[in-house]
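Residue-level structure breakdown
Next come the chains, spelled out residue by residue.
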Amino acid sequence: MKNFVIIIHFLISVLVSFQTVAQSSEKPLQGNWSKGPSERFVGAVWVEYFINDSTSDFLASRVLFEPKARSNWHKHAGKQIIFGINGEGYFKEKGKPMIHLKKGDLLEINPGVIHSHGSINKQFIQGVMMNGVSEKESTVWLNPVLEDELDKK
């Protein structure tokens, strides 16, 4: 029940606090946003953590991908849920076709799945929830995703 309340609170917080964002390499929104490190992302990416609690083994955040920005290939120790908030984005599991994401889309990613997510031609904001954050390597970051890998299987 506690996790359900946290998830509902997260979704309400994300939707209520959402604002229109101008494309910029400056801090994009009011709040506690930090720029995603270039060792993990291609392009400008911003992250705002709502919950990052290794004791409860739960993370909830908002991620803003500027146009054509994306994560490197990576995998998580726990399950990850992505919720489309605004714009156009994608999810791509390594070796499989790209899945397009938009506002309202919900995607569940199982532990250990090598994947990438980001924006396509427009800015994309996603909500992220995941467990497994108490693991030593809760996220293992791999190499950048090349442009030609996005369209290939």
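All values reported here derive from a predicted model rather than from experimental measurement.

With respect to the environment of Glu149
Checked against the element boundaries, Glu149 lands in helix α2 (residues 147-151). Taking the relative accessible area as the measure of exposure, Glu149 reaches 21% and is therefore partly exposed. Ignoring anything within four residues of it in the chain, the contact list for Glu149 reads Trp73, Lys92, Lys94 and Pro144. Among the polar contacts listed, one links the side chain of Glu149 to the backbone nitrogen of Leu146, at a separation of 2.7 Å.

Things to note about the pairing of strand β4 (residues 58-65)
With eight of eight residues buried, β4 lies mostly within the body of the structure. Burial along β4 is two-sided: Phe58, Ala60, Arg62 and Leu64 facing one way and Leu59, Ser61, Val63 and Phe65 facing the other are all buried. Sheet analysis places strand β3 (residues 45-53) next to β4, joined by eight bridges and oriented antiparallel. Note that in β4 the partner of Trp46 across the bridge is Leu64. Here β3 folds back onto β4 in antiparallel fashion, the turn holding four residues, of which Asp57 has a positive phi close to 60°. Judged from the eight bridges that link them, β4 and strand β10 (residues 115-131) form a sheet pairing that is antiparallel. The residue of β10 that forms the bridge with Arg62 is Gly127.

Calculation criteria
- Residues numbered from 1 in each chain as written.
- Predicted model: local features only at pLDDT ≥ 70, side-chain atom pairs only at ≥ 80, totals over all residues.
- Heavy atoms only, no water.
- Helix = DSSP H or I, 4+ residues; strand = E, 2+ residues; numbered from the N terminus.
- Buried < 20%, exposed > 50% of the residue type's maximum accessible area, 1.4 Å probe, protein only.
- Contact = heavy atoms within 4.5 Å.
- Polar contact = N/O pair within 3.5 Å; in protein donor to acceptor, adjacent residues only side chain to side chain.
- Pairing = 2+ DSSP bridges.

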